[in-house]
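Close look at the chain arrangement
If you want the building blocks of each chain, they are given just below.
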Amino acid sequence: MSNFVWCHGPSCHTNDTQDRLRGVKGSKVLRTKKVQQTQWNSGERRNFYNYFCSNGCYNDFANKHIQEIVAIAPRTEALETPVNVEKVQDTTYTGHSYTRVEISRVDNDIG
Ligand SMILES: [Zn+2]
């Protein structure tokens, strides 16, 4: 028994690869690819690879439906991550010293 979904890429069936070829001589078609559903990509492991055969198909879908996608969770204001910024003296492998900026996250779990 095969458990699969069809790739949701809007142009999946237009990619001319041999694994998409179906039909008999004289009436061949390029068909949308199947995406297998297994125990390894079920439940909490479920991600976009359960619905798309490739990153290209995922990108095609996201670009085609971008207005609907951002409407799911609109970003109306910037998010911020508290950080510590330190200037650190360092040395290159050739022995030259320089100053670099080191950014680390503020640990909010204290207390
Ligand atoms: Zn696809």
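Note that the structure is predicted; figures quoted are calculated from it, not measured. Along each chain, numbering runs from 1 in the same order as the chain's sequence is written. In view of the model being predicted, local features appear only for residues whose pLDDT reaches at least 70, and side-chain atom pairs are presented and counted only at 80 or more, with totals across whole chains, interfaces and linings using the full set of residues. To get the side-chain values, all heavy atoms of the structure are used, and hydrogens and water are removed first.

1. Looking at the environment of Gly 56
Runs of E in the DSSP output that reach at least two residues are strands. Runs of H or I that reach at least four are helices, and both are numbered from the N terminus. Mapped onto the fold, Gly 56 is located in helix H1 (residues 55–64). Think of it in three bands: with a 1.4 Å probe and only protein chains considered, a residue is buried below 20% of the maximum accessible area for its type, exposed above 50%, and partly exposed in between. Assessed through its relative accessible area of 37%, Gly 56 is described here as partly exposed. C-alpha separation for the pair Gly 56 and Ile 69, spaced 13 residues apart in sequence, amounts to 17 Å.

2. Examining the pairing of strand E6 (residues 97–105)
As judged from the 9 bridges shared by strand E5 (residues 83–91) and E6, these two strands associate in the antiparallel manner. Considered in E6, the bridge of Val 88 is made with Arg 100. At least two bridges found by DSSP between two strands are what make those strands a pair. In sequence, E5 turns back onto E6 through a hairpin of 5 residues, with Gly 95 there showing a positive phi of about 95°.

3. Thoughts on the side chain of Gln 37
With respect to the element layout, Gln 37 can be found in the loop between strand E4 (34–36) and H1. When its relative accessible area of 11% is taken as the criterion, Gln 37 is described as buried. One polar contact links the side chain of Gln 37 to the main-chain carbonyl oxygen of Val 35, over a distance of 3.2 Å. Those residues within four positions of Gln 37 in sequence are excluded, and the remaining contacts are Asn 3, Phe 4, Val 5, Arg 46 and Asn 50. Nitrogen and oxygen atoms within 3.5 Å of one another constitute a polar contact, given that in protein one can donate a hydrogen and the other can accept it, and given that sequence-neighbouring residues count only through two side-chain atoms. Pairs of residues are marked as contacts when any of their non-hydrogen atoms sit within 4.5 Å.

4. Description of the confidence of the model for the protein chain
Confidence of the predictor at the level of single residues is captured by pLDDT, which takes values from 0 to 100. In this model, the protein chain carries a mean pLDDT of 92, and residues with pLDDT of at least 70 account for 95%. Looking over the protein chain, one finds the lowest element-wise mean pLDDT in E4, namely 93, and the highest in strand E3 (residues 29–30), namely 98.

5. A few points about the coordination of the zinc ion
Around a metal, the perfect tetrahedron of four donors has angles of 109.5 degrees, and the perfect octahedron of six donors has angles of 90 or 180 degrees. Only nitrogen, oxygen and sulfur atoms count as donors, using a 2.8 Å cut-off from the metal that widens to 3.2 Å for Na, K and Ca. Water is left out, so coordination shells may look unfilled. Cys 7 (SG), Cys 12 (SG), Cys 53 (SG) and Cys 57 (SG) make up the full set of protein donors to the zinc ion, lying at 2.3 Å. A site with four donors is called tetrahedral when every donor-metal-donor angle falls between 85 and 135 degrees; four donors are called square planar, and six octahedral, when opposite donors sit more than 155 degrees apart and all other angles fall between 65 and 115; any other arrangement is irregular. One can describe the site at the zinc ion as tetrahedral: its 4 donor atoms subtend angles covering 105 to 116° at the metal. A residue is classified by how much of its surface remains accessible, and Cys 7, at 6% relative accessible area, is buried. With relative accessibility at 0%, the residue Cys 12 sits in the buried group.

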